[in-house]
Structure formats: structure tokens, C-alpha cells
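Secondary and tertiary structure notes
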Amino acid sequence: MAESDFSEISDTCQWELPDYEPWFPVSEKSNPLTREIDKASPNHIVRLLAACDAQMFQKETGTTYQRLFSDSVVRTMLEVARTVEQILRDPEDSLVVLSGCGTSGRLAFHMATCFNRALRDRQQKTVYSYIIAGGDRALLTSQEAPEDDPKLGMLTLEKLCEGKRHVLFIGISCGLSAPFVAGQLDFCLKHPGIYTPVLVGFNPVTQARGETMPGYSLTFREVVQRMEEQRGQRAFIINPAVGPEAISAAFTNTHVTHRVLLDRMREYERVHSITYSHSDQIATLLQTAGLSLQCGGRVCYLAWGSLGLVGLLDASECIPTFGADYEDIRGFISGGYQDMDNIEGDLTPLGPQFCIAHEDFVGLVLPTVSDRDTVLLLYTCHDNVSDVEKMAHRVREKTSNLHTLYHGLEGDTAVDSIGLLCSSVLNMTWPSSSTVDGLLHMWELSSKLVLNAVSTGSHILKGKIYRNHMVDLQVTNSKLYHRAIHILQKLSGVSLTECEEALLKAIYNVEQLPEVITSAGVTTHTLTASHRNKVVPLALVCLLIGCSLSEAESRLESHPVVRDAVEACLTSSPGYQTSTNH
């Protein structure tokens, strides 16, 4: 896709205007570019996602918010990078800890393991570690509840860092909202002789979560305000507004300067451009995956090397985001947990959803693979191509619905025998002059962009999205509980109180709310919601036509695609449609 194909719409950052969804922080706003994405064709879905991803790299031009390339953001990143350099020069009794919840925790894991891999390749001492709320099982499955526990976050950090003299703590909370991370930041501020806290997020400080955290006397905003008082000395905040998506970091063996940081971020921008230049092929893959999900089939990522981590983490996001089953989209990595290099090691005994090695795919999944399933191979020119070819032959015996995403180098003249076995081939070509580390990071980011388009787009085609809202999300913690209420309010036009009542009725499957429910706390509600499906779509249908839960369930059974169900409701209630035309 040429840059001009989406620059016109991506340059119009309507979400930055003060009157655009002013009740939402930046990270919770809907992107105006994608308001009709649930009706878009596969090619148009990819075009819209490309435009949204491009917003990450837009320069600051007197806009409301600081951006990724803003001088203040780059200066802060430079100061943090120099702190990391000091630790790398003297790693004894030192540690760099990256921590987060859900998506942010998976990002923390990915960065820590990639950085340690780079250090081991240089025969240097590894200094990175990670924390994810809910432990390693949260890397692969939804474990949202621990996110609400600030004391658990604090205790987990204290235990990990026992005996260390210097700890650089990087807490990732995209919305500046996770109590688990806030408790850790607060702990760091109370022990400045050992800990240097860094907060990474994508909301302005003024939009940090203002509700008192469970079992804690502070709000996230108050913790951030305390960090503000020490900003640039013993605490750092990196919080550019980047639109709907976050951006990852990378290890470098080069002395970090202002120019090095800018060059690295521009490198990521080039990755975006190269990746989306293959938009037609990405759209084909997206459509194929969508058809698989629509007919009850599966999408399987079979990856080698670090691309296996990218595949695993993308698949794990689908469960809480789209209310998906773990079998809908699954990732498998060639060496299993040995390649994954997670702290807790082999999690296979926890259940089939934790079986992630290629041998697990061959033994548990491949026997039942058919043409309704989509299988995607992800590999690079640095991987053992003969292993990839052997797997391709085994899969091809079961289905013709086989596809590849391959990363190669300029001048690569190898015969692509694997591509001859596949229904579609997506070949990415990268500059041969890049360093090994640089290539790995480009390949990982490019693969993430592709897989995000595939998993997001396929769920759109399956009907999991209404306009551009993930209405089938799992309401499993306080952040998602309040997000669900605000989504219902925006889509229905009724009061927040009425929306919360409708949500609670759907969660508890009752037509009337007894006092025992209305007097319970959010934690009780989210624990109950974790065992229920489609609570937000049910509540939305009830609100739109004032029907009972049983009637809402019947309508959703008749129209599994959420948009179809909602439009059917609006068609049957013309007065409502006219009065709430958003």
C-alpha cells in the first residue's frame, strides 16, 4: 500500500480534538477512522488498520498531546536508556524489571526475553526480568482479575528483586489505570535508594485513573502525581499519545544518543511502510482466516524462532478481546517452552491450552485439521528451512488451506519450495545491510502487524465487532467493567446508571436486580462475569429495544453477528432509531 493511500485520513486526528468523546481518556477513545470497520471488506479493513498504525509515527504539530517524536518524550527515553547502559556496564546486583497486566504484561515478557537473548548472544550477563499479573499462565490465557490488586503487584516485585542493590523498574500501563502496576510504582517511590521507577503509558497524566484502588488508600493518578514531583530525577514518565496502538522497544549495542533513538523509531516507521506495501496479500490471509472462524474452524500459527513468541502472544490476545475460545486462534512455537524461555517453565500440565510446541500441534491438533481450518507458517531466512518444509508437507496432507509469512533479505535467490505447497505466500524482503539484531526486531514488528490484522480482521468478519467497539469483550476486571458500561452508554444513548443495570442483569442472568447484587462490589461482579458469555451484547440488545434477557438471547441466536442483531433491533424500533441517531 502506498503511503498516499491512507495519509489523508490518518493525518486527520479527530480523536485529539477536546470535544471528541471527552469523557474517555485517549487510550479508551474509539478511532474515528474505523467507525464503520465492521462493514468493511478485507482489503478495506487492512487499509484502515494501516492508517491507524501510521498514527503512531505522526509528528507533534501543535496538537493537544505530546507524540512519540516529541522532544520531551525522546529526552525522557534517552535518560532511561542511559540508566540501562549503566546497569549493563555494572550488572552485579542490578536488575531491569518490566511489568504489566494482560497485553502490557505480555509486552513486558517479550521485551525482557528478547533483550536477554541479545545479551546471551554477546556472552554478557542477563539483567532483564518481567512480571505479568497472574503469572506465566497469563501469557497464554486471560487472567485479568489480578490486575486489580495493587498489594499483589508490590509483593511480587519485592520478591523478585530481593537482594538487588539497583533496580530499574519499568511499569507498563497503557491507560495509566492498572492497580497492579500502580502498587509497584508506589513501592518504588517508597524505596528510592534501590528502585528507579519508569511509567510507560499512552494517556496524559491528567487522564490517569482516579478511582481509589481496591484495598489501597491511593488512586493511580495520585501515584503518578507523586512521580511527577520527582520526574527527571528519581522517576520517569514516558506517555506519548500514539492513537490506538502501542509501540515496542528494542535492545541495541550502540551507545544511546538522541539520534540513535530517533533512527530506531524511524526504522519502525519503515517497517510499517514495508509491511503494509503487501496489503493485498494480508487481506487475502485475513479473509481466509475469517472464513475459517465463520464456519467453526480454527486458525493456527506455526512459527520458528522469536516469531513463535509473536504468534503465541497475538493468539492469546483474542480470548479477552473478542470473547474467543482458546482453540479459535492458536500459536505454536517450534521448541515449545524451551524457546519461550519463561520464568515458570513448562506449563503443559495446566491443560491443553498450554500445549504450545510444534510436537503438540502434530499430536493434538493436526489429526483433526481440515480445509475449514487455516494454517499459517511464520519463518525467516535464518531458520532451518528444511524443518519448515517438513512441517509444510505434513500439514498439506491434511488441508490445502496452508499459507506462509516469510522474511528474507534483498538478493535472496533461494528457490521457495515451501511456497509451492501453499495457497498463498507473503514474502517480506528486508535490507541485507541491517544488523542481525535490527533484522530480528524488524521481523518481529512486521509479523506482529500482520498477525494483528489477521486476528482483528477475522473476528470482525465473524461479527465480534459493532462499529469499531469490541462489544464481546470479557468483563473480568474493574477496568473492563467500566469500559463495558461506557460502550453501552455510547451505543445506546441512555444513562450510565441504566447501562450498569443492564450489564448486571446480563452478568447475573436475572430480569430484576435484588439488593444482594446492587450492593455487591465490582470484584464480585467481575468474578461472576468471568463465567458468562456475551454479557455486553445481551445488555446492548436489552437497552436498544427494552426487551427481556431471554428475548435478547433469542435475537442473538438468530443473528450471531452483533451488528446484524443490533440493526434488526433498530429496524423493529424505528422511534428509537430516529431519536438516537449517532
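In what follows, the structure referred to is the one given above.
Everything numeric here is computed off the predicted structure, so don't read it as measured data.

**Things to note about the pairing of strand β10 (residues 424-430)**
By the alternation rule, side chains of β10 split into Ser424, Leu426, Met428 and Trp430, which are all buried, and Val425, Asn427 and Thr429, of which none is buried. Note: strand β9 (residues 402-409) against β10, seven bridges, orientation parallel. Paired with Tyr406 across the bridge in β10 is Asn427.

**Digging into the pattern of salt bridges**
Tallied over the entire structure, the rule returns 18 salt bridges. The partner of Asp341 in a salt bridge is Arg120, and the shortest N-O contact between them spans 3.0 Å. In this pair, Asp341 sits in the loop between α11 (337-340) and α12 (358-365) while Arg120 sits in helix α4 (residues 103-121), placing the two residues 221 residues apart along the sequence. For Asp341, a relative accessible area of 34% corresponds to the partly exposed category. In this structure, Asp328 and Lys462 form a salt bridge, with 3.8 Å as the shortest nitrogen-oxygen distance. Placement of Asp328 in the loop between α10 (307-322) and β7 (329-333) and of Lys462 in helix α14 (residues 436-462) is noted, with a sequence separation of 134 residues between them. Look at Asp328 and you get buried, because its relative accessible area is 14%. One salt-bridge network, held together by shared partners, links Asp186, Lys190 and Arg226.

**Some points on the sheet that holds strand β1 (residues 94-100)**
Ordered by their spatial adjacency, five strands build an open sheet running β2-β1-β3-β4-β5, and the pairing between neighbours is parallel. Where the open sheet ends on each side, the last strands, each with one partner, are β2 (128-132) and β5 (236-238). Going from strand to strand, the sheet's axes swing by 20° on average, the running direction of each strand aside. In terms of strand pairing, β1 meets β2 through five bridges, oriented parallel. When the bridges of β2 are listed, Leu98 appears paired with Tyr130.

**Comments concerning empty space enclosed by the protein**
A full pass over the atoms with the stated rule returns one cavity of 30 Å³ or more. The calculated volume of the largest cavity comes to roughly 120 Å³. As for the largest cavity, its lining consists of Leu140, Leu312, Ala315, Ser316, Ile319, Tyr326, Ile329, Arg330, Gly331, Gln353 and Ile356. Sorting the residues of the lining of the largest cavity by element identifies α10 and β7 as the ones contributing at least two each. Ranked by residue count, the leading element in the lining of the largest cavity is α10, at four residues. A per-class count over the lining of the largest cavity returns seven nonpolar, three polar and one charged.

**Overview of the packing of aromatic side chains**
Taken as a whole, this structure holds five aromatic pairs when the rule is applied. When the centroid spacing of 5.0 Å and the interplanar angle of 80° are considered together, the rings of Phe109 and Tyr130 count as edge-to-face. One end of the pair, Phe109, is in helix α4; the other, Tyr130, is in strand β2, and 21 residues separate them in sequence. With respect to burial, Phe109 and Tyr130 carry one shared label: buried. Look at Tyr379 and Tyr406: their rings are 4.9 Å apart centre to centre, the planes differ by 45°, and that puts the pair in the tilted class. Placement of Tyr379 in strand β8 (residues 374-380) and of Tyr406 in strand β9 is noted, with a sequence separation of 27 residues between them. Among the residues examined, Tyr379 registers a relative accessible area of 2% and is labelled buried.

Scoring rules and cut-offs
- Starting afresh in each chain, residues are numbered from 1 along the sequence in its written order.
- A pLDDT threshold of at least 70 governs which residues receive local features in this predicted model, and a stricter bar of 80 or more applies before side-chain atom pairs are shown or counted, although totals over entire chains, interfaces and linings include all residues.
- Hydrogens and water are ignored here; the side-chain numbers use all heavy atoms of the structure.
- Three exposure classes are used, based on accessible area relative to the maximum for each residue type with a 1.4 Å probe and protein chains only: buried under 20%, partly exposed in between, and exposed over 50%.
- Secondary structure counts use DSSP, requiring at least four H or I residues in a row for a helix and at least two E residues in a row for a strand, with both numbered from the N terminus.
- Two strands are said to pair when DSSP picks up at least two bridges between them.
- In the sections that follow, a salt bridge refers to a side-chain nitrogen of Lys or Arg positioned within 4 Å of a carboxyl oxygen of Asp or Glu.
- Each axis is a line fitted through C-alpha atoms, and for a helix only the stretch in contact is used; angles between axes span 0 to 180 degrees, taken between their N-to-C directions.
- The pocket and cavity definitions rest on a 1 Å grid over protein atoms only: a 1.4 Å probe that fits but cannot leave marks a cavity, an open set with protein on both sides within 12 Å along at least five of seven lines marks a pocket, and residues lining either have an atom within 4 Å of a point.
- Grid points are joined across faces, edges and corners, and a volume is the space filled by probe spheres set on the points.
- Gly falls in the polar group here, along with every residue not listed as nonpolar (Ala, Val, Leu, Ile, Met, Phe, Trp, Tyr, Cys, Pro) or charged (Asp, Glu, Lys, Arg).
- Between the rings of Phe, Tyr and Trp (Trp by its six-membered ring), a pair exists once the centres lie within 6.5 Å; its type follows the angle of the planes, with under 30 degrees stacked, over 60 edge-to-face, and the other angles tilted.

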